[in-house]
Every structure is written in structure tokens, then in C-alpha cells.
Amino acid sequence: MTQNEQQVAGLVLAAGGGRRLGGRPKALLEHRGRPLVEYAVGVLRAAGCTRVHVVLGARAADVRERARLDGCVVVENPAWEAGMGSSLRAGLDSLAGTGATAVLVSLVDQPGIGAAAARRVVGAFEGESSLVSAAYDGVRGHPVLFGAAHWEGIAASATGDRGARAYLKAYADAVTLVECGDVAEPYDIDTEADLVHLE
């Protein structure tokens, strides 16, 4: 394991209630025979993140029961209905004092983004001031890596469903884009029609 990998924690945002999926939490959707949240954790581990935090919200007890999250730090976000911003804040808060100098953030509903893309993003990590994002045909997407120097600013700007978007826009010149369009597909599982992407 490289020095980079030891310092980069993984964070899966998996709290959403799947409103457009008839209230089925995305974390519990099945992909390759297991809950989607388990797959997302596996991607971060395969990218070299030995410490993985998972933010749960909707039906958190069911997710804990059905998904194998051994070795993960599970963070429950009681304010998950306020949007992704609250989950990102909860996840960043949970990393304080862990010694991680950066975090690789992934969304539970993007199973088309696997370990190859995540590894590329981690590979561009240089230190706690790093801001790195996967890009698809030059357009910023996930996963994203935030050096610890940015956590406070990101948490302060993460509101509603925007997550880190406002912060990344404000610091666009500092973001290293890593093209991943050749190894990943950045679709979201948002609606019934999107379920065709699950295997």
C-alpha cells in the first residue's frame, strides 16, 4: 500500500430515501446479488481506502441488517431528508481526528463508477490541499477527493442537495480533473427506468 492510500479515507454517501423510486432507499437496491451500499464500499476498498465511512439515513436499521459493512465506520444522519449536503457534513465530521489527510467521496447510486476510476482519482492526491475530481469527457463528476484543508469550507457550504458543488465551483482553478470516461459510466440510479443498469 502506498503512502497516498493510507492517508486517503473513503466516504460513501448512502442516506437517500429513493423518493423517485417509490421510497426504496438506494443503499438497499440489489446489484450483483448484494445491496448497492456494499458494492460502493468494495469500490473504495479496491481503490486503496483502508478506512471507509458510510453515511446512512433512510431505513438505516434495515441497511445495517442487510448489508455487510464490517470494518466500516457507519454514521447515521438523522437529518438525511434535508439533502445530500447534510450527509456530506456528517461524513466529514466523522473523519475529524482519524489522521486522514484526504477523503474520497462516492455516491451510493453510481454503480457504473468502479475501482478503476476511483484509483485514478486517488492517484492524483498530493496532500491535504488536494482537490481532485473524476471527469467524463471533461465534465466534473464523481468520485471526488477532498484534502483535509478543504473539509471545513466544504462543510460550511454544503446545503440542500448541493453537496460540495458550490465549493468546487468557487475553487475551480484548484481542482485537478482526472479523465475517467474510458473506464467508468457516471449514470445515477434515480428513477425506475434507471434500474436497468443494475446487474
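1. As for the side chain of His-150
Inspection of the secondary structure assignment puts His-150 in the loop between strand 8 (139–147) and helix 6 (151–157). Judged by its relative accessible area of 10%, His-150 is buried.

2. Overview of the pattern of salt bridges
Applying the stated criterion across every chain yields a total of 11 salt bridges. Where Arg-32 meets Glu-199, a salt bridge forms, and the shortest distance between an N and an O atom there is 2.7 Å. Placement of the pair is Arg-32 in the loop between strand 2 (30–31) and strand 3 (34–35) and Glu-199 in the segment after strand 9 (176–179), with a sequence separation of 167 residues. With respect to burial, Arg-32 and Glu-199 carry one shared label: exposed. Put simply, Glu-76 and Arg-64 hold a salt bridge, and the shortest N to O gap is 2.8 Å. Taken together, the residues Glu-76 in strand 5 (residues 73–76) and Arg-64 in helix 3 (residues 60–66) connect sequence positions 12 residues apart. Its relative accessible area of 43% is what places Arg-64 among the partly exposed residues. Here the residues in one salt-bridge network are Arg-20, Lys-26, Asp-109 and Asp-190, joined through shared partners.

3. Section: the sheet that holds strand 4 (residues 52–56)
Taken in spatial order, the seven strands line up as 5-4-1-6-8-7-9 in an open sheet, and their pairing is mixed. The sheet terminates laterally at strand 5 and strand 9, the two strands that pair on one side only. Between one strand and the next, the sheet's axes are offset by a mean angle of 25°, whatever the strand orientation. As judged from the four bridges shared by strand 4 and strand 5, these two strands associate in the parallel manner. Looking at the pairing, Leu-56 lines up with Glu-76 of strand 5.

4. Quick notes on helix 5 (residues 115–123)
Within helix 5, the full set of buried residues consists of Ala-115, Ala-117, Ala-118, Val-121 and Val-122. Projection of helix 5 onto a plane perpendicular to its axis shows the buried side chains occupying an angular sector of 160°, all on one side.

The rules behind the values
- Residues numbered from 1 in each chain as written.
- Predicted model: local features only at pLDDT ≥ 70, side-chain atom pairs only at ≥ 80, totals over all residues.
- Heavy atoms only, no water.
- Helix = DSSP H or I, 4+ residues; strand = E, 2+ residues; numbered from the N terminus.
- Buried < 20%, exposed > 50% of the residue type's maximum accessible area, 1.4 Å probe, protein only.
- Salt bridge = Lys/Arg side-chain N within 4 Å of Asp/Glu carboxyl O.
- Pairing = 2+ DSSP bridges.
- Axes fitted to C-alpha atoms, helices over the stretch in contact; angles between N-to-C directions.
- Arc of directions from axis to C-beta.

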